[in-house]
Amino acid sequence: MKWTDTLDIAIELIETHPDVDPQYVRFTDLHRWVTELPDFDDAPDKSSEKILEAIQLAWIDEAG
């Protein structure tokens with residue numbers, strides 16, 4: 001997965017962190033959790049606030 005795979009990342013985060021409410025996740029934690037996903041294969045420094053926000057919104061949508 002790359003940073004642009006926001007939906008796939010969101011689904012993985014739901015499975016990895018099922019008890020977390022994505023509305024309250026800090027971007028620093030979100031960034032770390034994404035880079036720790038086993039299928040994630042992109043440079044950590046290629047993320048941005050816009051990408052993290054898109055992941056967080058996808059996570060909220062999928063979890064709801």
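Preceding block: the structure.
Residues numbered from 1 in each chain as written. Predicted model: local features only at pLDDT ≥ 70, side-chain atom pairs only at ≥ 80, totals over all residues. Heavy atoms only, no water.

## Some words on the nonpolar core
By size, the foremost hydrophobic cluster in this structure holds 15 residues, and its most contacted members are Ile9, Leu13, Leu30, Val34, Phe40, Ile55 and Trp59. Listed by contribution, the elements that provide at least two residues to this core are helix H1 (6-16), helix H2 (27-36) and helix H3 (49-63). Among the elements that take part in this core, H3 stands out by supplying four residues, more than any other. Ignoring sequence-local partners within four residues, the contact set of Ile9 consists of Met1, Lys2, Trp3, Val34, Leu37, Phe40 and Ile55. (Core = buried A, V, L, I, M, F, W, Y, C linked by side-chain atoms within 4.5 Å. Buried < 20%, exposed > 50% of the residue type's maximum accessible area, 1.4 Å probe, protein only. Helix = DSSP H or I, 4+ residues; strand = E, 2+ residues; numbered from the N terminus. Contact = heavy atoms within 4.5 Å.)

## Some remarks on H3
Taking 1.5 Å of rise per residue, 15 residues should cover 21 Å, and H3 covers 21 Å from first to last C-alpha, within 8% of that figure. Within the sequence span of H3, burial applies to Leu52, Ile55, Gln56, Ala58 and Trp59. Looking straight down H3, one finds its buried side chains confined to an arc of 160°; they lie on one side. Seen from the buried face of H3, the exposed residues on the opposite side, beyond 90 degrees, are Glu49, Lys50 and Asp61. Tucked into the core, H3 has its buried residues touching H1 and H2. (Expected span 1.5 Å × (residues − 1). Arc of directions from axis to C-beta.)

## Considering the packing of aromatic side chains
Applying the stated criterion across every chain yields a total of two aromatic pairs. Ring plane angle 70° and centroid distance 4.8 Å describe the contact between Trp3 and Phe40, whose orientation is recorded as edge-to-face. Placement of the pair is Trp3 in the segment before H1 and Phe40 in the loop between H2 and H3, with a sequence separation of 37 residues. As far as burial versus exposure is concerned, Trp3 and Phe40 are alike and both buried. Aromatic side chains Trp33 and Trp59 sit 6.3 Å apart centroid to centroid with 65° between the ring planes, which places their arrangement in the edge-to-face category. With Trp33 in helix H2 and Trp59 in helix H3, this pair connects stretches of sequence that are 26 residues apart. When its relative accessible area of 1% is taken as the criterion, Trp59 is described as buried. (Phe/Tyr/Trp six-rings, centres within 6.5 Å; stacked < 30°, edge-to-face > 60°.)

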